[in-house]
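Each chain, written out:
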Amino acid sequence: MFDTRKGMDWLIDVLRKDQSPDGSWDYPFDTGISTDAYMIILLRTLEINDEELIQGLTKRILSKQGTNGAWKLYYDDGEGNITATVEAYYALLYSGYHQKDNKHLRKAKNYILANGGLKETGTYTKIMLALTGQYKWPAYSPLPIEVILLPEIFPINFYSFSVFGRANLTPIMILADKKLTIRTSKSPDLSELHLQRDEEDPWVRSAEMRSLLSFIEDGVKSLIGIPKELRRLAIERAKKYMLDHIEPDGTFYSYYSCTFLMIFALLSLGYKKTDPVIIKAIEGMKSMKCEINGFPHMQYTTANVWNTSLIGFALQSAGISSDDPMVVNSNRYLLNRQQHKFGDWVIHNPNSMPGGWGFSNVNTILPDVDDTTTSLRSISRIVPSELAAWERGISWTLSMQNEDGGWPAFEKEANSKLVEFLPLEKGEFLLVDPSCADITGRTLEFFGNYTNLPKDHPSIKNGVKWLMKDQEKDGSWYGRWGICYLYGTWGAMTGLLAVGVSNSHPSIQKAVGWLREIQNEDGGWGESCHSDSKKRYIPLRASTLTHTSWALDALITTSDKPTAEIRKGIQYLLDSLDKVDWTTAYPKGQGMGGAFYIHYHSYRYIFPLLTLSHYRKKFEL
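Residues numbered from 1 in each chain as written. Predicted model: local features only at pLDDT ≥ 70, side-chain atom pairs only at ≥ 80, totals over all residues. Heavy atoms only, no water.

Considerations on the overall build of the protein chain
If you tally the helices and strands in the protein chain, you get 24 helices and seven strands. Each principal axis of the C-alpha atoms in the protein chain carries an extent, and together these give about 70 × 60 × 45 Å. In the protein chain, which comprises 621 residues, the share counted as buried stands at 63%. Restricting the contact set of the protein chain to residue pairs at least 6 apart, pairs at least 24 apart contribute 74%. Per element, the accessible surface of the protein chain, about 23,800 Å² overall, is 52% carbon and sulfur. (Helix = DSSP H or I, 4+ residues; strand = E, 2+ residues; numbered from the N terminus. Buried < 20%, exposed > 50% of the residue type's maximum accessible area, 1.4 Å probe, protein only. Contact = heavy atoms within 4.5 Å. Areas by Shrake-Rupley, 256 points an atom, 1.4 Å probe, with all protein chains shown as cover.)

As structure tokens, then:
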């Protein structure tokens, strides 16, 4: 017998201690050093001399440098990451606190030169370098700004992109048109990092991209009007889009990257550095600062709603009453964050009313399906007194199902294959919002376990059909928002079983076989971030608490008795709850495969608690 109760009590005590006074949990949304570097570059470019913050950020960046001079995105990221290393090198130089002859910077420079120089960085970094005078803007815009004027019947139009794509592309299109460059007296000189001079069109590399851009330009030419007037109209519309989607804290959609770009786009349109919109945007970005290991970190966004909804339902699954002040306060926080405004989601979903939840502390117009079902799970035990919120949330979730049967994150039918050819690396992550196994599975799990929706309801039947079709040959599912196949497989299996699929179904049995096969010797599971770039499961060769919890939870759901694999996994979890090493800091979430990874500091508590409570309920009580 295991002492699962002791482990659960330890986790509950940690969570009780870490709750914020407003009822939320504000564990860091940790995305590495990129946002820290960009903050230094932004503050120096705008000549805002917040020295305490700049010094703190330089210390955090330096603390993450490898002995070879490079920075990585995750522990097993080869020798290093060229994009992250260029961003760190540039920020440290621009801070003014580190010079080129400093040994840390010399090592970084050698790594950058040995790995192709600035040319090998990602498109987003090239845009930042161009904005600040370190890289040449392309001869013509990677995407003509008139795209924003194309009608919705055109195969590619502004609303073909995901909301995340639009948020970043809008300021990029303005900036590429204006070719803004801002240098200051403190601007470093990165010219030695250019290995090739005057490259022809360095941003557009493939024939498919050129062909697609030519197709878009033909569409733009078909617009009726004088080209100069159309361009002016397009810029006005792009500016209005940004200003109309500013959240109460001043950020653009509460995302760091598009707020950073918006500030520069507004400057290119004649706004002063001291304009209230720009000052408020910077304050909003600063308000997302958190502290990790004594250093400041600029979060890409906050994850308060996500953390709080997950923790709220994990605590209640573990037996904490909905009357406990910890749960009462967290549910009150969530109910106050349900959204009442129409967002861009209404473009492809015009017949639904608002009712979803967003991800961050300040979202008011950006709900997503995953946060909505997770928030609904947390408030499910107080439904009689919160029936209106419950029904609005369920109605919105049902309305967001794609025609293919799966659920996306933010928007219906934003999955045009054409946009993946645009000249932005990782277009499939940035520009589209397809149905995905993790969200579809978790949505089905919510409907199956927390509502009385009949199992033969068309939405459920279509969701099951989509998931069955999406399964990989080896029995796993790919998870879009987590790492990666373990996340997708856990979501899909628990979802299918919740809506009546038998645990003897061949799809389930194949998935069980796959999970058993990849269990580590120590009883745990672990998956590498390389999985999302390679598009196949890559083992981490070490176990992590979160991956182990996902795999175990899936096996517990399918099993009638605790198998040897389950017992071994539970033992690993109980032995490892309080461990702190590189595996506990390893990213378990991703926003853009190969480029943007998330270490959720809350996951090491949430998922072991859920898994242990499910094990205890099923096999011990």
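Structural notes on helix α9 (residues 227-244)
Over its 18 residues, α9 runs 25 Å from end to end, which matches the ideal 26 Å to within 8%, given 1.5 Å per residue. What α9 keeps buried is the set L230, A234, I235, A238, Y241 and M242. Buried residues of α9 fall within an arc of 135° about the axis and therefore sit on the same side. The exposed residues of α9 that point more than 90 degrees off its buried face are K228 and K240. (Expected span 1.5 Å × (residues − 1). Arc of directions from axis to C-beta.)

Focus: the packing of helix α14 (residues 369-379) against helix α15 (residues 387-399)
Where α14 contacts α15, the axes come no closer than 10 Å and their chain directions differ by 150°. As the angle between them shows, α14 and α15 are arranged roughly antiparallel. Taken as a pair, α14 and α15 cross one another with a handedness that is left-handed. The residues of α15 that touch α14, namely those facing V369, T372, T373, L376 and I379, are A389, W390, G393, I394, W396 and T397. Of the residues in the contact of α14 with α15, the class split is seven nonpolar, four polar and no charged. (Axes fitted to C-alpha atoms, helices over the stretch in contact; angles between N-to-C directions. Parallel < 35°, antiparallel > 145°, perpendicular 65-115°, else oblique. Left-handed = near helix turned anticlockwise from the far one by under 90°. Nonpolar A, V, L, I, M, F, W, Y, C, P; charged D, E, K, R; others polar.)

Topic: the sheet that holds strand β6 (residues 589-592)
Strand order in the open sheet formed by three strands is β1-β7-β6, with antiparallel pairing between adjacent strands. The strands lining the two open edges of the sheet, one partner per strand, are β1 (29-30) and β6. (Pairing = 2+ DSSP bridges.)

Some details on the nonpolar core
By size, the foremost hydrophobic cluster in this structure holds 192 residues, and its most contacted members are M39, Y253 and L315. Ignoring sequence-local partners within four residues, the contact set of M39 consists of L53, L57, Y256, I282, M285, K286 and M298. (Core = buried A, V, L, I, M, F, W, Y, C linked by side-chain atoms within 4.5 Å.)

A closer look at the packing of aromatic side chains
A complete count under the given rule lists 39 aromatic pairs for this structure. Ring centres of W550 and Y603 lie 6.3 Å apart, and the angle between their planes is 75°; on these two criteria the pair is classed as edge-to-face. Here Y603 lies in helix α24 (residues 603-620) and W550 lies in helix α22 (residues 545-558), a separation of 53 residues in the sequence. For W550, a relative accessible area of 0% puts it in the buried group. Aromatic side chains W582 and Y586 sit 5.9 Å apart centroid to centroid with 75° between the ring planes, which places their arrangement in the edge-to-face category. Residue classification places W582 among the partly exposed positions, given a relative accessible area of 29%. When its relative accessible area of 1% is taken as the criterion, Y586 is described as buried. Taken together through their ring pairs, the aromatic side chains of F29, W306, F359, Y487, W490, W550, Y600, Y603 and F607 make up a single cluster. Directly above the ring of F158 sits R166, whose terminal nitrogen or CZ lies 5.9 Å from the centroid. Across from the ring centre of F313, 5.3 Å away, lies the NZ or CZ of R377, which sits over that ring. (Phe/Tyr/Trp six-rings, centres within 6.5 Å; stacked < 30°, edge-to-face > 60°. Lys NZ or Arg CZ within 6 Å of the ring centre and 35° of its normal.)

Describing the side chain of S257
With respect to the element layout, S257 can be found in helix α10 (residues 256-268). Side chain to side chain, S257 and N168 meet in a polar contact 2.8 Å long. Apart from residues lying up to four places away in sequence, S257 is in contact with Y124, F164, N168 and Y300. (Polar contact = N/O pair within 3.5 Å; in protein donor to acceptor, adjacent residues only side chain to side chain.)

Focus: the packing of helix α19 (residues 485-498) against α22
Their axes nearest at 9 Å, the elements α19 and α22 cross at an angle of 25°. Relative to α22, the element α19 is oriented roughly parallel. Between α19 and α22 lies a crossing whose hand is left-handed. On α22, the residues that touch L486, Y487, W490, M493, T494 and L497 of α19 are H547, W550, A551, D553, A554, T557 and T558. Taken together, the residues of the contact of α19 with α22 sort by class into eight nonpolar, four polar and one charged.

Observations regarding the environment of S504
The topology assignment puts S504 in the loop between α19 and α20 (506-517). We classify S504 as exposed; its relative accessible area is 52%. Residues S504 and S559, 55 residues apart in the sequence, show an inter-C-alpha distance of 9.8 Å. Here S502 takes part through its side chain, which lies 2.7 Å from a polar atom of the side chain of S504.

Notes on the pairing of strand β3 (residues 295-298)
Note: strand β2 (residues 289-292) against β3, four bridges, orientation antiparallel. Each residue of the ladder has a partner; that of E291, found in β3, is P296. Hairpin remark: β2 followed by β3, antiparallel, with two residues in the connecting loop; positive phi at N293, about 50°.

Here's the deal with unusual backbone geometry
Glycine aside, negative phi is the norm for most residues, and most peptide bonds take the trans geometry. A cis geometry characterises the amide bond from I483 onward to C484, with omega recorded as -15°. Tracing the chain through its elements places C484 in the loop between α18 (458-470) and α19. One non-glycine residue, S254, lies in positive phi territory at about 65°. Of note, S254 is situated in the loop between α9 and α10. Given the relative accessible area of 1%, S254 is considered buried. With phi around 60°, K535 is a residue other than glycine that occupies positive phi space. Structurally, the position occupied by K535 is in the loop between α21 (530-534) and β5 (539-544).

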